[in-house]
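Coordinate analysis (summary)
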Amino acid sequence: MSSVIATTRFSVLDRSRVRAGHDGPQALRDTVALAREAERLGYHRFWVSEHHSVPGVAGSAPAVLTAAVASATSSIRVGTGGVMLPNHQPLVVAEQFGVLESLFPGRIDMGLGRSVGFTDGIRKALGRGREDADDFGAQLAELLGYFDASQRVHPQVHARPAEGLDVPAFVLATGRGARVAAEAGLPLVIANVRGEDAMLRAIEGYRASFRPSAHREHPYVVVSGTVAVAETTEEARRILLPEAWSTAYSRTRGEFPPLAPAEDVLTRPMTDRERTLFDEALRGQVYGTEEEVADALEKVIGHSGADEFLVTTSTYDRAALLDSYGRLARLAGLGRGRRV
């Protein structure tokens, strides 16, 4: 194991993806089961996500699902990756996380994003518009102010039982998220969705403009991405195929379908556009044998200087997914009493 990997925290984000032939409730139960396994393997934290009216994603209420995960585990940190703050009133988010921290003290994380519903219909149902994402910085400041009693947007309003509690906040870097994280003095969570060069520039800008705060004295970077580990390179690649096809489908039809078995994806006819998007979805992903993945992770972590890697893998085959997380834990030396 390289010294870079040995000193990096590894965590899990699960989006409760629905699988073909299974329903949303099963996807949520799968998430809770995966959290138990992640804890057993020694991962640092386990996060859930927020999506609304997406056919292939069951995770619509992250605070509720976080409570279920925390109840089913005992030591792993749990939280959100993230709550999309423009969809909610900051007071309500503070109250929810105050309750979570009160019930599971010292284990709750509050990952926050600035996205809103991705269709006009969803935004209307949520009572939000695209412009609400532009107020993310102010929403974040109000939310944090409920915890330390510094918010003045609504005088004499207090978030109970959040006030006085310490719930670590993280900012997901979508759009201007990296700048907001730096200005607020909060950890940054970022993926290479626009390519590694763009990600590295955003991280560099975050570190350069980071303002020490009561939350953190120094920058903290969490790089997120898909990782698939198997006995052979081809087996690892098969783990990625269902999500890659779902991504290609969503970009041509506007919705995520349930994850299909890899063998179905391999025999599925694709248009030229779908094939291009499918190949793009696979590009830049980390997959292979334990040795190949270790080499790839060492490069990603080394180039980015990441303090933590958040694994976001989804697939149809649950056995292959669990095996992948087990192999990754082994190559990273998790669960061996290491401290980072």
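Please read all numbers here as calculations on a predicted model, not as lab measurements. (Residues numbered from 1 in each chain as written. Predicted model: local features only at pLDDT ≥ 70, side-chain atom pairs only at ≥ 80, totals over all residues. Heavy atoms only, no water.)

**Quick look at the side chain of Arg 17**
Secondary-structure assignment places Arg 17 in the loop between β1 (9-14) and α2 (24-41). Separated by 3.1 Å, the side chains of Arg 17 and Glu 243 make a polar contact. Those residues in contact with Arg 17 that sit more than four places away from it in its chain are Ala 27, Gly 56, Val 57, Glu 243, Ser 246, Phe 256, Pro 257, Leu 259 and Ser 314. (Helix = DSSP H or I, 4+ residues; strand = E, 2+ residues; numbered from the N terminus. Polar contact = N/O pair within 3.5 Å; in protein donor to acceptor, adjacent residues only side chain to side chain. Contact = heavy atoms within 4.5 Å.)

**Observations concerning helix α4 (residues 90-103)**
An α-helix turns once every 3.6 residues. As a result, residues three or four positions apart point the same way. For α4, built from 14 residues, the straight-helix expectation of 20 Å at 1.5 Å per residue is met to within 8% by its first-to-last C-alpha distance of 20 Å. Buried residues of α4: Pro 90, Val 93, Ala 94, Phe 97, Gly 98, Leu 100 and Glu 101, and no others. The arc enclosing the buried residues of α4, seen along the axis, measures out at 165°, which places them on a common side. For α4, the elements touching its buried residues are α3 (62-72), β3 (77-84), β4 (108-113) and α6 (136-148). (Expected span 1.5 Å × (residues − 1). Buried < 20%, exposed > 50% of the residue type's maximum accessible area, 1.4 Å probe, protein only. Arc of directions from axis to C-beta.)

**Comments concerning the packing of α2 against α3**
Their axes nearest at 9 Å, the elements α2 and α3 cross at an angle of 40°. Taken together, α2 and α3 sit at an angle that is classed as oblique. With respect to the hand of their crossing, α2 and α3 are arranged in right-handed fashion. Taking contact as the criterion, the partners of Leu 28, Thr 31, Val 32, Ala 35 and Arg 36 in α2 are, on α3, Leu 65, Ala 68, Val 69 and Ala 72. For the contact of α2 with α3, the per-class residue count stands at 7 nonpolar, 1 polar and 1 charged. (Axes fitted to C-alpha atoms, helices over the stretch in contact; angles between N-to-C directions. Parallel < 35°, antiparallel > 145°, perpendicular 65-115°, else oblique. Left-handed = near helix turned anticlockwise from the far one by under 90°. Nonpolar A, V, L, I, M, F, W, Y, C, P; charged D, E, K, R; others polar.)

**Description of helix α9 (residues 233-253)**
Taking 1.5 Å as the rise per residue, α9 with 21 residues should run 30 Å; its terminal C-alpha atoms sit 30 Å apart, in good agreement. If you look at α9, its biggest bend is around 35°, right at Leu 240, and the proline Pro 242 turns up within four residues after that. Taken residue by residue, α9 has Ala 236, Ile 239, Leu 240, Leu 241, Pro 242, Glu 243, Ala 244, Trp 245, Ser 246, Thr 247, Ala 248 and Ser 250 as its buried positions. Turning to α9, the residues buried within the fold contact β8 (227-229), α10 (262-266), α11 (272-282), β9 (286-288) and α13 (318-332). Once α9 finishes, Gly 254 follows within two positions and takes phi at roughly 80°, a positive value. (Bend = angle between axes of the 7 residues up to and from the residue.)

**Examining the pattern of salt bridges**
A side chain of one charge can pair with a side chain of the opposite charge if their charged atoms are brought near each other. For the structure on display, the rule yields 16 salt bridges. With its nearest N and O atoms 2.7 Å apart, the salt bridge here joins Arg 45 to Glu 308. With Arg 45 in strand β2 (residues 45-48) and Glu 308 in strand β10 (residues 308-311), this pair connects stretches of sequence that are 263 residues apart. An identical accessibility class is assigned to Arg 45 and Glu 308; each is buried. (Salt bridge = Lys/Arg side-chain N within 4 Å of Asp/Glu carboxyl O.)

**Description of a negative patch on the surface**
A contiguous patch of negative charge, built from Glu 291, Glu 292, Asp 295 and Glu 298, is present on the exposed surface. With respect to the element layout, Glu 291 can be found in helix α12 (residues 290-304). (Patch = residues over 30% accessible without salt bridge, like charges linked within 9 Å, V, L, I, M, F, W, Y side chains within 5 Å. Areas by Shrake-Rupley, 256 points an atom, 1.4 Å probe, with all protein chains shown as cover. Lys, Arg positive; Asp, Glu negative; His and termini not counted. Charge placed at Lys NZ, Arg CZ, Asp CG, Glu CD.)

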